[in-house]
Amino acid sequence: MLIPDFPIRTERLDLRPFTEGDFAALHAYQSRADVARYLYWEPHDEQATREALARKCRRTALRNSGDVLNLAVVVRETGQLVGDVLLCWVSVEHRQGEVGYVFHPEHGGRGYATEAARMMLEIGFDLLGLHRIVGRLDARNTASAGVLERLGMRREAHLRESELVKGEWTDEMVYAMLAAEWESHRPA
């Protein structure tokens, strides 16, 4: 079980639970077609964003298989919410997890996704004691693949037309890292 002390701080970012006050910042990126393009959901209207925010507000601890830690990513210097990261505890028995992230495109290219996702790997491996963490993505999402590669995760699979997403057969890429591999990628 893991209930982190918040905020979780990286060099430039604070990772914290979502609050109701995050609606405008969350909607600013979840409503964008370019953000939803490679995800399972369509761009969110206000109601869909409210529902997503309510879910995210509840995802503050990892107690058992299937639980998700979903945190707002805030640039400490400006206080601006720029995206969110998650760590899913896929299996307690097999010590498996999954990392994910969604960021506002206006804040791309600054390394925020990599920095925040690296912290989620650290939480998974160092605090939760996971053996293996994966990252799954639409194979067309080269920017997301770049984040996983910068984290030191290795591409394990390219699944051809493995999912029907928004009426289209899509390829899925699976990246992974083992706890033993994390040792050589852990921040100094």
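Residues numbered from 1 in each chain as written. Predicted model: local features only at pLDDT ≥ 70, side-chain atom pairs only at ≥ 80, totals over all residues. Heavy atoms only, no water.

- Named according to an unreviewed UniProt entry, the protein is Protein N-acetyltransferase, RimJ/RimL family originating from Micromonospora inyonensis.

**Quick look at the nonpolar core**
Working step 1: Counting 38 residues, the largest nonpolar core has L15, V85, F103 and M120 as its most contacted members.
Working step 2: Those elements that place two or more of their residues in this core are β2 (13–17), β3 (68–75), β4 (80–91), β5 (96–103), α4 (112–127), β6 (132–138), α5 (142–150) and β8 (168–178).
Working step 3: A total of nine residues in this core trace back to one element, the largest contributor, which is α4.
Working step 4: Counting ten residues, the second-largest nonpolar core is a separate cluster that includes F18, L26, Y29 and L81. (Core = buried A, V, L, I, M, F, W, Y, C linked by side-chain atoms within 4.5 Å. Buried < 20%, exposed > 50% of the residue type's maximum accessible area, 1.4 Å probe, protein only. Helix = DSSP H or I, 4+ residues; strand = E, 2+ residues; numbered from the N terminus.)

**Details of the packing of helix α1 (residues 23–30) against helix α3 (residues 46–58)**
Working step 1: Packing of α1 against α3 leaves a shortest axis separation of 10 Å and a crossing angle of 120°. For the element pair α1 / α3, the angle class is oblique. By crossing handedness, the relation of α1 to α3 is classed as right-handed. Of the residues in α3, those in contact with F23, L26, H27 and Q30 of α1 are E46, T49, R50, A52, L53 and K56.
Working step 2: A per-class count over the contact of α1 with α3 returns four nonpolar, three polar and three charged. (Axes fitted to C-alpha atoms, helices over the stretch in contact; angles between N-to-C directions. Parallel < 35°, antiparallel > 145°, perpendicular 65-115°, else oblique. Left-handed = near helix turned anticlockwise from the far one by under 90°. Contact = heavy atoms within 4.5 Å. Nonpolar A, V, L, I, M, F, W, Y, C, P; charged D, E, K, R; others polar.)

**Structural notes on the pattern of salt bridges**
Pairing is possible between side chains that carry opposite charge, provided their charged atoms lie close to one another.
Working step 1: On inspection of all chains with the given rule, the structure shows 16 salt bridges.
Working step 2: With a closest N to O distance of 2.8 Å, D22 and R16 form a salt bridge.
Working step 3: Through salt bridges that share partners, R132, R154, E156 and E181 make up one connected network. (Salt bridge = Lys/Arg side-chain N within 4 Å of Asp/Glu carboxyl O.)

**Thoughts on the side chain of E98**
Working step 1: Relative to the helices and strands, E98 resides in strand β5.
Working step 2: Separated by 3.1 Å, the side chains of E98 and R136 make a polar contact.
Working step 3: When neighbours within four sequence positions are excluded, E98 is seen to be in contact with L86, L87, C88, V90, I133, V134 and R136. (Polar contact = N/O pair within 3.5 Å; in protein donor to acceptor, adjacent residues only side chain to side chain.)

**Describing the sheet that holds β4**
Working step 1: With mixed pairing, the eight strands of this open sheet are ordered in space as β1-β2-β3-β4-β5-β6-β8-β7. The open sheet is flanked by β1 (8–9) and β7 (154–165), the only strands paired with a single partner.
Working step 2: Both β5 and β6 contribute to a ladder of three bridges, which runs parallel. Residue E98 lies in a different strand from β6, and its bridge partner there is V134.
Working step 3: Along the sheet, α1 contacts β4 and β5; its crossing angle with β4, the most-contacted strand, is approximately 80°. (Pairing = 2+ DSSP bridges.)

**Looking at the environment of D138**
Working step 1: Relative to the helices and strands, D138 resides in strand β6.
Working step 2: A relative accessible area of 10% places D138 in the buried class.
Working step 3: Sequence separation of D138 and V174 is 36 residues, and the distance between their C-alpha atoms is 9.0 Å.
Working step 4: Among residues more than four places away in sequence, those in contact with D138 are Y38, T170 and D171.
Working step 5: Polar contacts involving the side chain of D138 include one to the side chain of R140, which spans 2.7 Å.

**What about the pairing of β4?**
Working step 1: Taking burial as the measure, the twelve residues of β4 include nine buried ones, the bulk of the element.
Working step 2: Where β3 lies against β4, eight bridges are found, and the strand directions are antiparallel. Pairing of V68 across the sheet is with C88, part of β4.
Working step 3: Joining the antiparallel neighbours β3 and β4 is a turn of four residues, in which G79 adopts a positive phi near 75°.
Working step 4: With eight bridges connecting them, β4 and β5 associate as antiparallel partners.

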